[in-house]
Amino acid sequence: MTIDAGTGAMDSQLQDSKPAGMTHDGDQVFGTILPSREGYPAPELALTIAFVLLARRWRSLIDEKLRQLGHSASRMEAMAAIAYSPAATTQIQIAKRIGIEGPTLTRTLDMLEADGLVERLADPTDRRNKHMKLTAEGFDALSAMFGVAAGLRGQLLDDLPAEDIQRNLGFLSLLLERIEGGLAVPQDD
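Remember, it's a predicted structure, so these values are computed and weren't measured experimentally. (Residues numbered from 1 in each chain as written. Predicted model: local features only at pLDDT ≥ 70, side-chain atom pairs only at ≥ 80, totals over all residues. Heavy atoms only, no water.)

1. What to know about the side chain of Asp-123
Tracing the chain through its elements places Asp-123 in strand 1 (residues 118–123). It turns out Asp-123 is buried and unbridged, and the closest side chain with the opposite charge, Arg-128, is 8.5 Å from it. Apart from the residues lying within four places of it in its own chain, the contact partners of Asp-123 are Asn-129 and His-131. (Helix = DSSP H or I, 4+ residues; strand = E, 2+ residues; numbered from the N terminus. Buried < 20%, exposed > 50% of the residue type's maximum accessible area, 1.4 Å probe, protein only. Lys, Arg positive; Asp, Glu negative; His and termini not counted. Salt bridge = Lys/Arg side-chain N within 4 Å of Asp/Glu carboxyl O. Contact = heavy atoms within 4.5 Å.)

What follows is the structure, given as C-alpha cells:
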C-alpha cells in the first residue's frame, strides 16, 4: 500500500476494495457516516496511518533479524531501558519507561534472567521492589542487538540529510509529547 503524501490518496488496490459482505447498496454510508471514498484518506489521516504502518513494519523487521541471534525487539527494548536507566530503577519504572504493563515485562525479564542476561536485585528499603541490572553477558547481547538495529537504521535513513532527520525527530517528539500529555476524545455537542 502506498499513501500519496501530497493528496493523501491510497493506492488503487486498497481504495477500490470494499469490506467483506458490502454491496453497492452500502455505498450510501460513504460521505455520510464514513468519510467519502473520494480523496480518502485525508492527509492528516494518511499521516497517522503511515506512523502505524512504519512502526509495525520496523518492529517486524527488527524482530526478524534479532531472531537470528535468539533475541527480539521486546528483549532489546527491555534491556536498553535497564542499561540506560539510573541505578536502582525498579521493574515497575522500567515497564513505565517502555510503555508496557508490568506483567508483560515480568515475562520478558523472566526469560532474560533465565538466559543470564539480567539480574533482579532486592531493594534494601522495600522488599516488594526489584532493581534491574544487566549482567556482563547482557551488555554483550545488547551490543550485538544494537549492531543489528544500527545496520538496518543506516539502510533506512541512507541519503537522508541530517537536517531532515533532526526536523522530523522534533516533529515526532512533539506529537509523542502531546499523546503522553493525554488527548481527550472530542465530545459531540
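2. Quick notes on the pairing of strand 2 (residues 126–134)
For strand 1 and strand 2, the ladder comprises six bridges, and the chain directions are antiparallel. Along strand 2, the bridge assignment pairs Asp-123 with Asp-126. Hairpin geometry of strand 1 and strand 2 is characterised by an intervening segment of two residues between the two adjacent antiparallel strands. (Pairing = 2+ DSSP bridges.)

3. Overview of the packing of aromatic side chains
Counted by the stated rule, this structure contains one aromatic pair. Pairing Tyr-84 with Phe-146 gives two aromatic rings, centres 6.4 Å apart and planes at 25 degrees, and the pair type is stacked. Taken together, the residues Tyr-84 in the loop between helix 3 (73–83) and helix 4 (91–98) and Phe-146 in helix 6 (residues 136–157) connect sequence positions 62 residues apart. Given the relative accessible area of 32%, Phe-146 is considered partly exposed. The ring centre of Phe-30 lies 4.1 Å from the NZ or CZ of Arg-37, which sits over that ring. (Phe/Tyr/Trp six-rings, centres within 6.5 Å; stacked < 30°, edge-to-face > 60°. Lys NZ or Arg CZ within 6 Å of the ring centre and 35° of its normal.)

4. Some remarks on the nonpolar core
Counting residues in hydrophobic clusters, the biggest one holds 23 residues, and the most contacted among them are Ile-62, Met-76, Met-79, Ile-82, Leu-109, Leu-112 and Val-118. Secondary-structure elements contributing two or more residues to this core are helix 2 (43–67), helix 3, helix 4, helix 5 (102–114), strand 2 and helix 6. Among the elements that line this core, the one with the most residues is helix 3, at seven residues. Look past the residues within four positions of Val-118 in its chain and what remains in contact with it is Met-79, Ile-82, Leu-109, Leu-112, Glu-113, Met-132, Lys-133, Leu-134 and Thr-135. (Core = buried A, V, L, I, M, F, W, Y, C linked by side-chain atoms within 4.5 Å.)

5. Regarding a nonpolar patch on the surface
Residues Leu-156, Leu-157, Leu-160 and Ile-165 make up a contiguous nonpolar surface patch of about 310 Å² in total accessible area. By secondary structure assignment, the location of Leu-156 is in helix 6. For Leu-156, a relative accessible area of 46% corresponds to the partly exposed category. (Patch = residues over 30% accessible without salt bridge, like charges linked within 9 Å, V, L, I, M, F, W, Y side chains within 5 Å. Areas by Shrake-Rupley, 256 points an atom, 1.4 Å probe, with all protein chains shown as cover.)

6. Section: the packing of helix 3 against helix 4
At a minimum axis distance of 10 Å, the contact between helix 3 and helix 4 shows a crossing angle of 120 degrees. As summarised for this structure, helix 3 and helix 4 are arranged oblique, according to the angle between their axes. Judged by the sense of rotation from one axis to the other, the crossing of helix 3 with helix 4 is right-handed. Contact residues: Glu-77, Ala-78, Ala-81 and Ile-82 in helix 3; Ile-94, Arg-97 and Ile-98 in helix 4. In terms of residue class, the contact of helix 3 with helix 4 is made up of five nonpolar, no polar and two charged. (Axes fitted to C-alpha atoms, helices over the stretch in contact; angles between N-to-C directions. Parallel < 35°, antiparallel > 145°, perpendicular 65-115°, else oblique. Left-handed = near helix turned anticlockwise from the far one by under 90°. Nonpolar A, V, L, I, M, F, W, Y, C, P; charged D, E, K, R; others polar.)

7. A closer look at the packing of helix 4 against helix 5
It is the contact of helix 4 with helix 5, at a shortest axis distance of 9 Å, that shows an interaxial angle of 110 degrees. With respect to helix 5, the element helix 4 is oriented roughly perpendicular. Along its contact with helix 4, which presents Gln-91, Ile-94, Ala-95 and Ile-98, the element helix 5 presents Gly-102, Leu-105, Thr-106 and Leu-109. Along the lines of polarity and charge, the residues of the contact of helix 4 with helix 5 split into five nonpolar, three polar and no charged.

Purely geometric stuff here, so don't read any function into it on its own.
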